[in-house]
Amino acid sequence: MSLTNPPKPVKRRYASPRRAAQSRETRRAIVGAAARLFAQRGYVATSFDAVAEEAGVGRATVFAYFPTKSELLKTAYDVTLVGDDEPIPLPERAESRAVRAEPDPRRFLAGYAAIVTDVARRVSPIYEAIRGAAHVDDDAAAVWRKVGEERRIGGGNVVSAIAGRGALRQDLDANRAADVVYALVDPGLYHLLVRERGWPHDAFTSWLAATLQRELLGP
């Protein structure tokens, strides 16, 4: 850089708060429309044109935010999982932090079960759409695997929390315990028992809490 010829000032792009808010609202509309259509029609039967029409935007706008259908599917799942599009992961939400702070392992698991069932009530329809699509679409299958991997990591974290409280059953290997949590908190189980078999939501929550306590803590 020359000392006698200073560089020309760089023009900075003005970030309009109004424009940013409009962009976020558009993205929110697209994701919400996609989540509804994926749950109602399935992944394969939901086109970009259908999402655009449901969201009230142009097809090109959908592509501008989500270049691939599988990316839109995963985003719709993630937003449905937490209930909004705030950039705060579920473990960092206030209700999750409150549960993690609970020292008693039985109450910890009861609180965890309540969070799980609230999530499952929201996410189970689109979860079932991903499950069905995974058998016929490679991109959807990749999303299905990712969703499962994330749930398995969450199960491991729950087991670590129980072990950290000195309460994990002595006859239960931590890895297998994480598999147990992974299976029990599958949203498909909520779909089966609540949406198909008609269990009340609260009854499922109580059953899940008791089952987690029995399987992880013992008598």
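Residues numbered from 1 in each chain as written. Predicted model: local features only at pLDDT ≥ 70, side-chain atom pairs only at ≥ 80, totals over all residues. Heavy atoms only, no water.

**Some points on the packing of helix 1 (residues 17-41) against helix 6 (residues 105-134)**
- At a minimum axis separation of 8 Å, helix 1 and helix 6 run at an interaxial angle of 65 degrees. In the packing of helix 1 onto helix 6, the handedness of the crossing is left-handed. Within the contact between the two elements, helix 1 uses Ala35, Phe38 and Ala39 and helix 6 uses Pro125, Ile126 and Ala129.
- Here the contact of helix 1 with helix 6 is built from residues that sort into 6 nonpolar, no polar and no charged. (Axes fitted to C-alpha atoms, helices over the stretch in contact; angles between N-to-C directions. Helix = DSSP H or I, 4+ residues; strand = E, 2+ residues; numbered from the N terminus. Left-handed = near helix turned anticlockwise from the far one by under 90°. Contact = heavy atoms within 4.5 Å. Nonpolar A, V, L, I, M, F, W, Y, C, P; charged D, E, K, R; others polar.)

**Observations regarding the packing of aromatic side chains**
- Under the criterion given, the structure shown has 7 aromatic pairs.
- Taking 5.0 Å as the distance between ring centres and 50 degrees as the angle between the ring planes, the aromatic pair formed by tyrosine 127 and tryptophan 144 counts as tilted. Pair noted here: tyrosine 127 is in helix 6 and tryptophan 144 is in helix 7 (residues 138-164), with a separation of 17 residues, a long-range link.
- Put simply, the rings of Tyr190, Trp199, Phe204 and Trp207 touch in pairs and so form one group of aromatic residues.
- For arginine 151, the ring lying beneath its charged end belongs to tyrosine 182, and the centroid distance is 4.2 Å. (Phe/Tyr/Trp six-rings, centres within 6.5 Å; stacked < 30°, edge-to-face > 60°. Lys NZ or Arg CZ within 6 Å of the ring centre and 35° of its normal.)

**A closer look at the packing of helix 8 (residues 174-184) against helix 10 (residues 201-217)**
- Orientation of helix 8 relative to helix 10, taken along the N-to-C sense of each, is 170 degrees, at an axis distance of 11 Å. Classified by the interaxial angle, the pair formed by helix 8 and helix 10 is roughly antiparallel. Only Trp207, Leu208, Thr211, Leu212, Glu215 and Leu216 of helix 10 make contact with helix 8, whose side of the interface consists of Ala177, Val180, Val181 and Leu184.
- The class makeup of the residues in the contact of helix 8 with helix 10 is 8 nonpolar, 1 polar and 1 charged. (Parallel < 35°, antiparallel > 145°, perpendicular 65-115°, else oblique.)

Any functional reading would require information that these geometric values do not contain.
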